[in-house]
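Report on the structure
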Amino acid sequence: MMAMFNSWWRERSDREQRMLAGLGVLLVIVVGWLGIIRPLDTATSAARERHARAVVALADLQELRDRAARATNRPQLPLDETLAPFVTRSAADAGMTVERLEAEGSHQVKVNIAAVRPAAFFGWAQRLEVQHGLIVHQIAAFRNADTTIAVQLTVRRPAR
């Protein structure tokens, strides 16, 4: 086989041999690029994407773990205190005036606040959840003509 190739090669002129050698080099470069470099680049990119997804999933799991730890360590309202007076007192302590409060049993209240600064309201709502272990179930906020918002929310005790 090599003897046939060598005789064929010798029959070519110097110009043809250089041209064929150049084509051979180009063929090796193209095959190397398409057969080695691009598949490795694709595999590396896929590994980076999988790693990024794994990092996000890990962060999500750590956040869930932290939430679960906080949920089990939440202080609860005293059992003898009903929810409606506590929410009214807590809102007043935060500088808000409750316009209307409807108790729905002993475990849930609907609250309307006519005008409150957004930062003050959302800070108070967060304190209800974090410090007192309550659940702010629903919030509907509406922009007033000034820089305040009107809020309707439902607060409930967690199920025991």
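Refer to the structure printed above.
In what follows, the accompanying structure is described. From a predicted model like this one, the values you see are computed outputs, not experimental measurements.

**Concerning helix H4 (residues 118-130)**
Over its 13 residues, H4 runs 18 Å from end to end, which matches the ideal 18 Å to within 8%, given 1.5 Å per residue. For H4, the complete set of buried residues consists of Ala120, Phe121, Gly123, Trp124, Ala125 and Leu128. The secondary structure elements touched by the buried residues of H4 are helix H3 (83-93), strand E2 (108-116), strand E3 (135-143) and strand E4 (149-156).

**Digging into the pattern of salt bridges**
Throughout the structure, instances matching the rule amount to 3 salt bridges. In this structure, arginine 65 and aspartate 66 form a salt bridge, with 3.2 Å as the shortest nitrogen-oxygen distance. Look at arginine 65 and you get exposed, because its relative accessible area is 52%. Note that glutamate 104 is salt-bridged to lysine 110, the shortest N-O span being 3.6 Å. With relative accessibility at 35%, the residue lysine 110 sits in the partly exposed group.

**Comments concerning the nonpolar core**
If you look at the biggest cluster of nonpolar residues, it comprises 22 residues, and the most contacted ones within it are Val87, Val116, Phe121, Trp124 and Leu153. Within the residue set of this core, elements represented by two or more residues are H3, E2, H4 and E4. Beyond its immediate chain neighbours, meaning those up to four positions away, valine 87 contacts Leu101, Val109, Val111, Trp124 and Val155.

**Let's talk about the packing of aromatic side chains**
Evaluation of the coordinates by the stated rule reveals 5 aromatic pairs. Residues phenylalanine 5 and tryptophan 8 carry aromatic rings whose centres are separated by 5.9 Å and whose planes lie at 35° to one another, so their mutual orientation is tilted. Of this pair, phenylalanine 5 and tryptophan 8 both sit in helix H1 (residues 2-10), 3 residues apart, which is roughly one turn of the helix. Its relative accessible area of 40% is what places phenylalanine 5 among the partly exposed residues. For tryptophan 8, a relative accessible area of 34% corresponds to the partly exposed category. Ring geometry for phenylalanine 121 versus tryptophan 124: centroids 6.0 Å apart, planes at 55°, classification tilted. With phenylalanine 121 and tryptophan 124 both in helix H4, this residue pair falls 3 residues apart, about one helical turn. For the residue pair phenylalanine 121 and tryptophan 124, the accessibility class agrees, reading buried in each case. Clustering of aromatic rings is evident, with ring pairs tying together Phe5, Trp8 and Trp9.

Quick notes on the rules
Along each chain, residue indices are assigned from 1 in the same order as the chain's sequence is written. Whole-chain, interface and lining totals are the exception, using all residues; otherwise, since this is a predicted model, local features are given only for residues with pLDDT of at least 70 and side-chain atom pairs are given and counted only at 80 or more. The side-chain values count all of the structure's non-hydrogen atoms but skip hydrogen atoms and water molecules. For the purposes of this entry, the term helix denotes a DSSP run of H or I that reaches at least four residues, the term strand denotes a run of E that reaches at least two, and both are numbered from the N terminus. What a helix should span is 1.5 Å times the count of its residues minus one. Buried means the residue's accessible area, taken with a 1.4 Å probe over protein chains only, is under 20% of the maximum for its type, while exposed means over 50%, and partly exposed covers the values in between. Contacts: residue pairs with any heavy atoms within 4.5 Å of one another. The rule for a salt bridge is simple: a side-chain nitrogen of Lys or Arg has to be within 4 Å of a carboxyl oxygen of Asp or Glu. Take the buried residues of types Ala, Val, Leu, Ile, Met, Phe, Trp, Tyr and Cys, join any two whose side-chain atoms come within 4.5 Å, and each joined set is a nonpolar core. In this scheme Phe, Tyr and Trp rings, the latter by its six-membered ring, pair at centre separations within 6.5 Å, and the angle between planes marks the pair as stacked below 30 degrees, edge-to-face above 60, and tilted otherwise.

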